[in-house]
Amino acid sequence: MKKKKRKKSLAFTIIIIGLVLLSGAGAAGYIYSVLLNHYKATAENRFYFTSDLLREGPDVPVYDIYYDWASSDDTVPITIELRNSESALNVSSVAISYTVKASGLSGGHAGILPGNTASREAVTLNVPCAAIGQPFEVTVTATADSPYRKTLTGKFVVRPLLSYAMDDNQGSPVARLTITLTGSPEPEKDVLISWGEGAEPDMTNPAVMSASVDLEQNTMRIRLNTASVYELVFFKDDPSVSYSDVTVLGAD
Amino acid sequence: MRNKSGKIKGPGRLVALALIGLILAGNISAAAASPLWTGGTAAGFAGGTGSESDPYLISTGEQLAYFSQSVASGNTYAGQYIRLTQDILLNNMNSDGTFASGSPRAFPRIGTGASRSFLGCFDGGGFEVIGLYINQSGTAYQGLFGYAGTGSVIRDLRVCGSVAGANYTGAVAGFSDGLIENCVSTCRVTANWQDYHGGIAGYAGANSVINNCRVTASVEGDTYTGGIAGYTEGRVAACTVSGAVSNGWSDYHGGIAGFAAAGSRISGCTAEGSVTGANSVGGIAGCAAGAIDDCTAAAITVSGQTKVGGVLGGTEGSVVVVTNCRVSGTVSANGDYVGGVAGRFAGIIENCNITVTVNGSCGYSGGIAGFLEGVESKITGCTAAVTVRNNSGSSGGAAGVSQGEISGCIISGTVSGKSNNIGGVVGYSAGADSKVILCTVSCTIIAEAGYGYVGGIAGHTDGVITQCTVTGPVTGADQHYVGGIAGNATAGSEISKCASSGTITGNGIVGGIAGASDGTVTICINTGDVSGQKDGRAGGIVGKAGAGADISHSYNSGAVTGGGPGGIGGIVGYIDSAAVIHNNLNKGTVDGNQYVGSITGNTVNTENAWNNYYWDYPGAPAGTNTGDVQEEDGAVPVGDLTWDEIWDLLNNDRGEIVDIWEPDVDDDGVPKPTIMPARVKVTQAAVWEGKRYAPSESGSGTEAVITADSAFTVSYTVKYAEECELTAQVFRLTGGEQDAVLPAGTSVIMLADGQYYYINLAAPATEIPLGSFIRMGSSDTYAGGTAAADTVKDYLFIVDLTKTAGELAVGTYQVLLTDGEGKSSGTMPEVTVTGLNTYALVALSGTNTFSVSFNKNTVSGYDAKTADSAFVFEVSIKAADGGSVLWPMGTRINNQVLTADLPFVFVREEDAGSIRIDMSGCPNPLAGGSYTLYVKAYAGTTDTSPRGGYPLSLGTAVLTVTEPVEYGIRAEAPNRFIDAAAASVEFRIQTLGASNVKSTLQRKYGFTYQDVAGEIDKPVYIGSGGIATLSLPSGTPKGTYRVVFSLYDDSGNLRATAQQNIIVK
């Protein structure tokens, strides 16, 4: 009796292995599931798990997000869409349960895409920002957990909409402030420039000439083009010292 | 007949009186007049308590008489207020200002003397005392108020009628030591032999103020007669006189005041009539010892015997200052001292503007002052357009005779006389301390007859004449000494840094600068022709140089001709052997009968002559009448020397190197003495293309060639030759004869004293005074201050034209920093403007593609907009409804994937020939259709963020986007277990978006698939019902296979795949 059982078990294993060798259906990610359930599932249960921005490896798509965050406590929203189809011809015939996670974010989002009809669901993850003005990367992963396993990935580089830098100006009569505005859905951006004692801005700069300047408070509000790099010269009181007492913030 | 106030006589009078009664009963009096004064006296005022809020009211002549009676009885009304309620009709008047009655009622003056004076406040309320009649030629202190003491106030009053009195007579007050303001007099004032008569006040004491009063009637008095006050010790301000002030036999007559005593001030007054008197007659004051400022004598006629002037006849006592006055008209005197401003003047006349005819008969006649008396006296900053005529004596455009200083004056017109001293500025500049400085003369100076001295600046000078310019002709008569600057300059005199360009003509001794000089003539230029007709002496610089003469560093280019034997020379006609002549250059022709030389007409003492050069044109006479003087180049031709070499020689004064001669670039480099040294002397300059914020950061800069909308930087090191007002300095560009117009939008940054300043031009400008620069970070303008002589300062200017439309004209410009008079010296930096780079952008439409044609029409030169930049095109789209549309993420622009939804995409110039738009990979592609495409070219430093750069050109096109296509393929084999002997396998295939399907057969080895040779990308024919039959190669071994179906679009792009496993048994 025991021998019979062992023979049955062995035969079953061989069949399994044979089936595995025979099977070429679908992506490797869910071959195991096919085998575990039933080989014929590949023919009967069509499975498509796709996204607008995420892709199945190995090439991970990269996207830019331009964001103007005021503190490191801010979060940046990243929205992706999950679909259960590749096209109108290629629609999953079964419901797909999935989870979405993002690097740097504890927890995630879980959901189910129903089967048989094309469906899609937008998922938004609010990812913590890095220090102000420091670009950071977020990898978003959407995993179909059942009936088959498939992982989609995308990388999002969150870049500050506004960044600035003061040159090394020790020994120079002027300090050069470079303001960079990345591309943005908005063509223009209001920025607020504040400067401390020790230097004065170039009042012949066309951006400054169009700005609202408060010389008492040492501030100016300027509307600048996005997708741009501006240089603003500050005339220093003392060329021998390095001047950097300037802040540039996005203004509402 | 109507009386002055329009009263009706006859039957209507009762009605009118009744109406007046009604008005009075109703306390309505604003536009009414009192009944004709009966000559009686009321028992009191019409009302009031005398306080400021409840003044005593006067409504009738009787009440006014009561008031007079009350003052005469000893009531001073000090601290009390009296007010008219209506016009007071004392006597009926005719419209011509005469009385209707042959025997008008005489009114008793208010206040009879110091002991019976009015000290209160009288308010006329704007009403008029009509028909005031006073005829007391034997009694002093006559007027409506006989005596208004210290602290009294009389205001807002009008008076008409006639007042005749003895001493101290005026229409409003015979004597006033208080305030009279806002009063108008049409009251004739007359006197016979007594003094102090005025249209408002006969005598105004030291505490008096007469303000904003007007006199239209004539004033006739004896000594001290004035349109406002006969004599004033106080203040007269903003008063106007249009009546005549006349008396042909007595002294001190003035349009405003007969005499303005020490401590007095007349300001802002206007006299428009005529003033006639004997001595000390003036358009404003007959004589003054106080100040006169901002007064106008308009179209005035002033005439007298002596001391006659457009503003004042003469001065007495303390130093008088006349400031900012204007005179037009005619001033005439039968005797001495007649001037457009003053006849005889000791003090300061400054900033006056005169347009007068001055007629003198003898003595001293001047366009401004007949006689400027004393070495401390000055005439400065005046402009005079004059016609000065004199029968004899001294005549000058500014002064007949001056013992003081005349500076900064501009004289035009004609100065003429018949003998003695005739000068464009001064007839005779008398005394070694006399000076004429920085004057400009463009008038005609002519001696009509006789003998004497005629000069463009001075007929005769004992003192200093420096930095003066004469452009008009100077003409002498028979025996005159004639000079472009001075007819005769005596021993010890000095003429320096002067220029004459007019024709100098005479029969006596004639010189381009001085007819005769026994003093110093140095650093002068004559460019006018010098003609010594008949038998005189003629020299390009000096006609006759006496024993004390020193003629040096001077230049002549005028033609010198002479007909006599006295000596005809390019520099000096006749030179005394003791005179010195050196470092001169003659470039004019010289022509004469005998004693002719290109330097001197006679022989020079070789000990006293060196470095004198002449232009040896064909036929030029030798250096002297006896030949050239080779020793120390005493009188030699230029010969083969270059002008540069001559320049060096002329700046070498017997071994001492001087800095007097400069090459004239507009005259082939011929050296000329710098006669008007600029305050601003640039000792070092540099120029750079682009913006440089500090010379120390920039190194040496020697050239700038730029486009018209570019930027450049210049720096200067300046050494001030003289004291200089720094804010008055001017920054400008000049193209030679014409200054460049800096377009609107030009910005200039200035670095001075370690501070940065700026200016943004809102309108075109040819020059920028440094005082208009604003300090960076503030609203304060450049304060500058005054730089002392020899001060050295550095400046940096950054000129930014990038915000202009490029209107600065093509050319090469000197970039000048000058003093307030537009002068500077030294080598200035130059900038060359070559034109404007222009761009033409054409965007070409297409379907899922577009292209850009970008043509650059460029000129040479630095272009700040494009330097170190690349051309990048910003591409944006709008929907058919005009709404902005974002480029969707995933769009491929020439295979570059857009990683976010953005309004702009950027294409580099080199990629712009054909730009393919592919949205097939977009998660959310644009809907199919037509979009307006906007392409803007930028010069920027980055490909991806060029929008901070300069936009150059714009083009539009239509971009047609095809409808997004969904691609898909599905393939299933009904029977996936194929017998190895079978030749084919059947698939059921569905496609979306395209139908071009290819298959690849792969065999499985372990966990991988490998393409089967010869079975790759084989076209698949799909038959009816979507059935496609694929042939298997013969001898296909048993095993697991996979068929990969690929769907291609019409362009051959792979769009979708499907795969199906089969098992060959």
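Computed from a predicted structure; not experimentally measured. Residue positions are given per chain, counting from 1 as you read along its sequence in written order. Chain letters start at A and ligand numbers start at 1, both assigned in the order the entries are written. Only residues with pLDDT of at least 70 are given local features in this predicted model, and only at 80 or more are side-chain atom pairs given and counted; all residues enter the totals for whole chains, interfaces and linings.

### Considering the overall build of chain B
Under the DSSP-based scheme used, a helix requires at least four consecutive residues in state H or I and a strand at least two consecutive residues in state E, with every element numbered from the N terminus. Along its length, chain B carries four helices and 117 strands. Here chain B, with 1065 residues, has 54% of them falling under the buried criterion. Each residue is classed by its C-beta neighbour count within 10 Å, where at least 20 other C-beta atoms makes it buried, 12 or fewer makes it exposed, and intermediate counts make it partly exposed; the C-beta atoms are placed from backbone geometry.

### Things to note about the overall build of chain A
Of the regular secondary structure elements, chain A holds four helices and 16 strands. Counting across all 252 residues of chain A, residues that qualify as buried make up 36%. Contact between two residues is assigned when their C-beta atoms, built from the backbone, lie within 7 Å. Taking the intrachain contacts of chain A between residues at least 6 apart in sequence as the baseline, contacts between residues at least 24 apart amount to 69%.

### Some points on the environment of Cys-239 of chain B
All names here are of chain B. Its location among the elements puts Cys-239 in the loop between β20 (235-237) and β21 (240-241). With 29 C-beta atoms packed within 10 Å, Cys-239 lands in the buried category. The spacing of Cys-239 and Gly-227 is twelve residues in sequence and 9.5 Å in space, taken between C-alpha atoms. Beyond its immediate sequence surroundings of up to four residues, Cys-239 is in contact with Ile-210, Asn-212, Cys-213, Arg-214, Ile-228, Ile-256 and Cys-269.

### Looking at the sheet that holds strand β85 (residues 705-706) of chain B
Residues and elements named next belong to chain B. The mixed open sheet is built from five strands, whose spatial order is β85-β97-β95-β88-β91. Among the strands making up the open sheet, the edge pair consists of β85 and β91 (767-769). Looking at chain direction, β85 and strand β97 (residues 830-833) are connected through two bridges and run parallel. Of the residues in β97, the one forming a bridge with Val-705 is Thr-832. If DSSP finds at least two bridges between two strands, the strands pair.

### Quick word on the pairing of strand β10 (residues 174-181) of chain A
The side chains of a regular strand alternate, first on one face of the sheet and then on the other. All names here are of chain A. Burial analysis of β10 places six of its eight residues in the buried class, which makes it a mostly covered element. As defined by bridge partners, strand β9 (residues 162-166) adjoins β10 across five bridges and the pair is classed as antiparallel. Paired with Tyr-164 across the strands is Ile-179, a residue of β10.

### Details of the confidence of the model for chain B
For every residue, the predictor reports its confidence as pLDDT, a number between 0 and 100. Of all residues in chain B, 96% have pLDDT values of 70 or greater, and the mean over the chain is 92. Taken as a whole, residues 1-31 of chain B scores under 50 in pLDDT and shows 29 contacts with residues more than four places along the chain or in a different chain.

### Topic: helix α2 (residues 61-72) of chain B
Along an α-helix, a turn takes 3.6 residues, which lines up residues three or four apart on a common side. Residues and elements named next belong to chain B. What a helix is expected to span follows from its residue count: subtract one and scale by 1.5 Å. Here α2 contains twelve residues, and its C-alpha end-to-end distance of 16 Å stays within 8% of the 16 Å for a straight helix at 1.5 Å per residue. Of all twelve residues making up α2, nine are buried, and the element is well covered by its neighbours. What α2 keeps buried is the set Gly-61, Glu-62, Gln-63, Leu-64, Ala-65, Tyr-66, Phe-67, Ser-68 and Val-71. For α2, the elements touching its buried residues are β1 (56-58), β2 (81-84) and β3 (88-89). Among the residues trailing α2, Gly-74 stands out with phi positive, at a value near 115°.

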